[in-house]
Amino acid sequence: MNVQNEISDERAVLMVTSTEENQWQSMISSKLACSFAESGKRVLLVDVNFNRPRIHHLFGIQNENGLSDILRGEAGEITKAFIKDLDVLPAGSHSIYLEGLTEIEQLLVAWQRIYDVVILETPAFLDAADSQAISLACSGVILVIQEGQTKEEDALQVKKVLNRSNTRLLGTIYQTS
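Summarised in this report is the structure supplied together with it. (Residues numbered from 1 in each chain as written. Predicted model: local features only at pLDDT ≥ 70, side-chain atom pairs only at ≥ 80, totals over all residues. Heavy atoms only, no water.)

**Let's talk about the environment of alanine 91**
Tracing the chain through its elements places alanine 91 in the loop between β4 (86–89) and α5 (102–114). Among the residues examined, alanine 91 registers a relative accessible area of 0% and is labelled buried. Each C-alpha atom of the pair alanine 91 and isoleucine 142 lies 19 Å from the other, and the pair is 51 residues apart in sequence. Among residues more than four places away in sequence, those in contact with alanine 91 are Asp47, Asn49, Phe50, Pro53, Asn63, Gly66, Leu67 and Ser68. (Helix = DSSP H or I, 4+ residues; strand = E, 2+ residues; numbered from the N terminus. Buried < 20%, exposed > 50% of the residue type's maximum accessible area, 1.4 Å probe, protein only. Contact = heavy atoms within 4.5 Å.)

**Details of a nonpolar patch on the surface**
There is a patch of nonpolar side chains on the surface, built from Trp24, Met27 and Leu58 and spanning about 230 Å² of accessible area. By secondary structure assignment, the location of tryptophan 24 is in the loop between β1 (12–18) and α2 (25–38). Given the relative accessible area of 33%, tryptophan 24 is considered partly exposed. (Patch = residues over 30% accessible without salt bridge, like charges linked within 9 Å, V, L, I, M, F, W, Y side chains within 5 Å. Areas by Shrake-Rupley, 256 points an atom, 1.4 Å probe, with all protein chains shown as cover. Salt bridge = Lys/Arg side-chain N within 4 Å of Asp/Glu carboxyl O.)

**Considering the pairing of β4**
Strand residues, when the strand is regular, have side chains that alternate between the two faces of the sheet. On β4, burial covers both faces: Leu86 and Val88 on one face and Asp87 and Leu89 on the other are all buried. The pairing of strand β2 (residues 43–47) with β4 spans four bridges and is parallel. Across the sheet, the residue bridging to valine 43 is leucine 86, located in β4. As judged from the two bridges shared by strand β3 (residues 79–80) and β4, these two strands associate in the antiparallel manner. Note that in β4 the partner of lysine 80 across the bridge is aspartate 87. (Pairing = 2+ DSSP bridges.)

**Examining the side chain of serine 29**
Inspection of the secondary structure puts serine 29 in helix α2. The class for serine 29 is buried, based on a relative accessible area of 0%.

**A short note on helix α7 (residues 152–164)**
A rise of 1.5 Å per residue sets the reference length of α7, with its 13 residues, at 18 Å; its end C-alpha atoms lie 18 Å apart and thus fit the reference within 8%. Next to the buried residues of α7 lie α6 (129–135), β6 (140–146) and β7 (169–175). Taken from the residues just after α7, asparagine 166 is the one with a positive phi, measuring 60 degrees. (Expected span 1.5 Å × (residues − 1).)

**What about the environment of arginine 164?**
Turning to its location among the elements, arginine 164 is positioned in helix α7. It is 31 Å that separates the C-alpha atoms of arginine 164 and lysine 41, two residues lying 123 residues apart in sequence.

Spelled out as structure tokens, the structure:
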């Protein structure tokens, strides 16, 4: 799958998720963000997995002053990554649940003025209402499927929910062990 060919928006918001908790999903989100940045796109990678944040570990940054802090009206800090044109916003120091899309949508509008691609690393789609709500504000969703772990019926359930809400499933990434 060539994600760049799949998105028609000049300023795309992509969500990376899985059917269940997947230890490799954060790595895949990070590699996708790096690929876009290396192709000359200005990219923001946002960790929206408030209960199990991992993006900050991969980039060697602190998980303080992140998205959860911004959503609580506190200071948040976007960090420049080691790759040109890639910025990272960690999940932050609070474990929160989104009460609605208004605040996230406002942030996405602001970020789309600055970045060509915003990638949202979210919790497992079937486990977190946050992921399902966030998908409504995205240009498309990429589903990570883990070999030997992801159940076919769960993947089909994600597709069904996305179809019902008219959210594009851009494709899947099949992760082998």
